[in-house]
Amino acid sequence: MIENKEKVRYIEMYPKARCFCPIGKAWYTNKFKVSLFPREYYFDYLDVEKFIKEEIEGKSLTIEGACKKLYDYLKENVEYIQVESHVNDATHFPVKVLID
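From a predicted model like this one, the values you see are computed outputs, not experimental measurements. (Residues numbered from 1 in each chain as written. Predicted model: local features only at pLDDT ≥ 70, side-chain atom pairs only at ≥ 80, totals over all residues. Heavy atoms only, no water.)

**Here we look at the packing of aromatic side chains**
How we decide: Working definition: a ring pair exists when centres of Phe, Tyr or Trp rings (six-membered ring for Trp) sit within 6.5 Å. Plane angles under 30 degrees give stacked, over 60 give edge-to-face, the rest tilted. Only protein chains enter the accessibility calculation, which uses a 1.4 Å probe; a residue whose area is less than 20% of its type maximum is buried, one above 50% is exposed, and one in between is partly exposed. Only DSSP runs of H or I reaching four residues or more are called helices, and only runs of E reaching two or more are called strands; each is numbered from the N terminus.
Enumeration over the complete set of coordinates arrives at five aromatic pairs. Taken together, a centroid distance of 5.4 Å and an interplanar angle of 65 degrees make the contact between Phe20 and Trp27 edge-to-face. Residue classification places Phe20 among the partly exposed positions, given a relative accessible area of 24%. Residue class for Trp27 comes out partly exposed when judged on its relative accessible area of 42%. With a centroid separation of 3.9 Å and 5 degrees between ring planes, the pair formed by Phe51 and Tyr73 is classed as stacked. Of this pair, Phe51 sits in helix H1 (residues 45-55) while Tyr73 sits in helix H2 (residues 63-74); the two residues are 22 residues apart in sequence, bridging distant segments of the chain. A relative accessible area of 14% places Phe51 in the buried class. Exposure remark for Tyr73: the relative accessible area of 28% places this residue in the partly exposed category.

**Comments concerning H2**
Here is the rule: The span you would expect from a helix comes to 1.5 Å times its residue count less one. Taking the helix axis as origin, the arc is that swept by the directions to the C-beta atoms. Throughout, a contact is declared for two residues whenever any of their heavy atoms are within 4.5 Å.
For H2, with twelve residues, the first-to-last C-alpha span of 17 Å sits near the 16 Å given by 1.5 Å per residue. Listed as buried for H2 are Ile63, Ala66, Cys67, Leu70, Tyr71 and Leu74. All buried residues of H2 fall inside an arc of 130 degrees around its axis, so they share one side. In this structure, the buried residues of H2 make contact with strand E2 (11-13), strand E3 (16-21), strand E4 (26-38), H1, strand E6 (78-87) and strand E7 (95-99).

**So, H1**
Which entries qualify depends on this criterion: The term polar contact refers here to a pair of N or O atoms within 3.5 Å; inside protein, the definition further demands a hydrogen-donor-capable atom paired with an acceptor-capable atom, and it admits residues adjacent in sequence only when both atoms are side-chain atoms.
Every buried residue of H1 is accounted for by Val48, Phe51 and Ile52. Axial view of H1: buried residues confined to an arc of 95 degrees, hence all on one face. Away from the buried face of H1 by more than 90 degrees, exposed residues Leu46 and Lys53 are located. Measuring from the backbone nitrogen of Leu46 back to the side-chain oxygen at the start of H1 gives 2.8 Å, which picks out Asp44 as the cap.

Okay, here's the thing in structure tokens:
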């Protein structure tokens, strides 16, 4: 975590992760959009990227499961957070999932 000396009020992040859907039995790409209002600290983006690479990338997760995993990791020390995933390459039509 980085001390919010700058008094940053709002942050958006746009990470990506490929996952294997256990329902559709196919790979897909989560194009995340994370919107958050930090408090006294905000996230080191490299730590967020490391978490995604270790805990989401390449894993067997539904779109909803991937969103929840990222949400749970980031929800501490924030005033408000939304995690979205836009998926356009699944075995079904394009989907947007939002958790807040």
